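Below are the chains, spelled out letter by letter.
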Amino acid sequence: QVQLVESGGGLVQAGGSLSLSCAASGSIFSSDVMGWYRQAPGKQRDLVATITRGGSTNYEDSVKGRFTISRDNAKNTVYLQMNTLKPENTAVYYCNLRRVVWAPPRDYWGQGTQVTVSS
C-alpha cells in the first residue's frame, strides 16, 4: 500500500507563489511516476505535471514556465513550486503516484489540498 500526505495549499493573490509538498510512504517502486493533478468545481481532474525517478518531467501546457515539479527520491517526496499564479489556477490539487508496472496502471492519490488564487 501507498500513502500520500500533502501540504502547502492555501490562499494567494494573483501573481503570487505557492509551494506544495507530498510525502509518500509504504511500498514505493523505483518505476513509480509521481505528479500533481487538479480539479476545479464542475470540471474533471486534469494533469498538472509529472516526474519520474530519473527527473523526466511532463507539464500541462498552461503551466509551463510558471510551475516547476521536483522530486527528492531519498525522501519519497514530490514538490510543486507554483509561480505567477492566476485565478484560473484555483482548484483542489491532488498528489498522485502512478504504478506503471501494472496493466492498467494503478493510481494512488493524496487527500487533496485547496489552492485559491484571488484577483
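Residues numbered from 1 in each chain as written. Predicted model: local features only at pLDDT ≥ 70, side-chain atom pairs only at ≥ 80, totals over all residues. Heavy atoms only, no water.

Participant: I'd like a description of the packing of aromatic side chains, backed by residues and values.
Facilitator: All told, the structure shown has two aromatic pairs when counted by the stated rule. Seen in terms of ring centroids, Tyr 37 and Trp 109 are 5.2 Å apart; in terms of plane orientation they differ by 80°. Their pairing is edge-to-face. Of this pair, Tyr 37 sits in strand S4 (residues 33–39) while Trp 109 sits in strand S10 (residues 106–109), and the two are 72 residues apart along the sequence. Seen from their ring centres, Tyr 94 and Trp 109 are 6.5 Å apart, and the 85° between their planes marks the pair as edge-to-face. Residue Tyr 94 is found in strand S9 (residues 91–99), and its partner Trp 109 is found in strand S10; the two are separated by 15 residues along the sequence. A relative accessible area of 33% means that Trp 109 is categorised as partly exposed. Of the aromatic side chains, those joined through ring pairs into one cluster are Tyr 37, Tyr 94 and Trp 109. Here the basic side chain of Arg 45 rests over the ring of Trp 109, its NZ or CZ set 4.6 Å away from the ring centre. Above the face of the Phe 29 ring, Arg 99 is positioned so that its terminal group lies 3.8 Å from the ring centre. (Phe/Tyr/Trp six-rings, centres within 6.5 Å; stacked < 30°, edge-to-face > 60°. Helix = DSSP H or I, 4+ residues; strand = E, 2+ residues; numbered from the N terminus. Buried < 20%, exposed > 50% of the residue type's maximum accessible area, 1.4 Å probe, protein only. Lys NZ or Arg CZ within 6 Å of the ring centre and 35° of its normal.)

Participant: Give me the sheet that holds strand S8 (residues 77–82): which residues, what numbers.
Facilitator: Within the open sheet, the four strands sit side by side as S1-S3-S8-S7. Their pairing is antiparallel. The open sheet terminates on both sides in strands that have one partner only, identified here as strand S1 (2–7) and strand S7 (67–72). Along the sheet, successive strands turn relative to each other by an average axial angle of 15°, direction set aside. Pairing of S7 with S8, which is carried by six bridges, proceeds in the antiparallel orientation. Counterpart to Arg 71 in the pairing with S8 is Val 78. (Pairing = 2+ DSSP bridges. Axes fitted to C-alpha atoms, helices over the stretch in contact; angles between N-to-C directions.)

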